[in-house]
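Below are the chains, spelled out letter by letter.
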Amino acid sequence: DLNQVMSILFSGYQKQIDKQQREFEIVCKNNLQHAEIVIGDEYRIRQVLTNLIENAIKFTQKGYISFGYEMLKNETIKFTVKDTGIGIDKDKTEVIFDRFHQLETFQTKEHGGTGLGLAICKSLVDMMGGNIDVASTPGEGSVFSFTISQRMKTE
């Protein structure tokens, strides 16, 4: 149940942000009235979303983070994580999904990490037969999205 997965993620991150007294809000966008039941790997979907949301939290100081999903044609699901964080230069977006590649900027060094998170996301999305992408503007934020095609049934 995708709505349930998203609700659990939202609740957990809302508590974390409240506890840390961060200066941004987190929003979960589930525009569907009914539950979408996906026959697929909930653990992997949750793992990719968790990595993307945690990156957004790491690099966002104020504004918002939103995440959600939408149903596209041909039983394709598009998940999106959008933030108003530091953003990424266009020439760097082509390599951020490579293993052990970490952007060499003051902000990323300050926040740490191994440079594996986005590469893991790409590998997991590839294993589920999907695609992952990023659109970003330095100083304005980023939008990470991934699609997967799965058999679904509506309840």
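Further up the page is the structure itself.
Just so it is clear, the structure is predicted and the values come from calculations on it, not from any experiment. (Residues numbered from 1 in each chain as written. Predicted model: local features only at pLDDT ≥ 70, side-chain atom pairs only at ≥ 80, totals over all residues. Heavy atoms only, no water.)

> Could you clarify how one ought to interpret the nonpolar core in this entry?
The biggest cluster of nonpolar side chains holds 35 residues, and the ones touching the most others in it are Leu 49, Phe 79 and Phe 146. Listed by contribution, the elements that provide at least two residues to this core are helix H1 (2–20), strand E1 (23–29), helix H2 (42–58), strand E3 (62–72), strand E4 (76–83), helix H5 (117–127), strand E5 (131–137) and strand E6 (141–149). Looking at which element gives the most residues to this core, the answer is H2, with seven residues. Setting aside its immediate chain neighbours within four residues, Phe 79 contacts Leu 2, Met 6, Ile 45, Leu 49, Gly 68, Tyr 69, Phe 144, Ser 145, Phe 146 and Ile 148. (Core = buried A, V, L, I, M, F, W, Y, C linked by side-chain atoms within 4.5 Å. Buried < 20%, exposed > 50% of the residue type's maximum accessible area, 1.4 Å probe, protein only. Helix = DSSP H or I, 4+ residues; strand = E, 2+ residues; numbered from the N terminus. Contact = heavy atoms within 4.5 Å.)

> Got a minute to help me understand the packing of aromatic side chains in this structure?
Each aromatic ring pair is described using two quantities: the centre-to-centre distance and the angle formed by the ring planes. Applying the stated criterion across every chain yields a total of three aromatic pairs. Centre to centre, the rings of Tyr 69 and Phe 79 are 6.0 Å apart; their planes meet at 45 degrees, and the pair counts as tilted. Linking Tyr 69 in strand E3 with Phe 79 in strand E4, this pair joins segments that are ten residues apart in sequence. On the basis of relative accessibility, which here comes to 5%, the residue Tyr 69 falls in the buried class. Centre to centre, the rings of Phe 79 and Phe 146 are 4.7 Å apart; their planes meet at 15 degrees, and the pair counts as stacked. (Phe/Tyr/Trp six-rings, centres within 6.5 Å; stacked < 30°, edge-to-face > 60°.)

> Explanation requested: the pattern of salt bridges in the structure shown.
Proximity of charged atoms lets side chains of opposite charge pair with each other. Across all of its chains, the model carries four salt bridges by this definition. In this structure, the salt-bridge partner of Asp 41 is Arg 44, at a minimum N-O distance of 3.9 Å. The class for Arg 44 is partly exposed, based on a relative accessible area of 29%. Lys 92 serves as the salt-bridge partner of Asp 91, at 3.7 Å between the closest nitrogen and oxygen. Of the residues examined, Lys 92 reaches a relative accessible area of 30% and is grouped as partly exposed. (Salt bridge = Lys/Arg side-chain N within 4 Å of Asp/Glu carboxyl O.)

> Can you walk me through the pairing of E4 in this structure?
Relative to E4, E3 runs antiparallel, the two being bridged by eight bridges. Bridging from a neighbouring strand, Leu 72 pairs with Thr 76 of E4. Here E3 folds back onto E4, and the loop between the two strands holds three residues, one of which, Asn 74, carries a positive phi near 60 degrees. In this structure, E4 lies alongside E6, joined through eight bridges in antiparallel fashion. Looking at E6, one finds that Ile 77 is bridged to Ile 148. (Pairing = 2+ DSSP bridges.)

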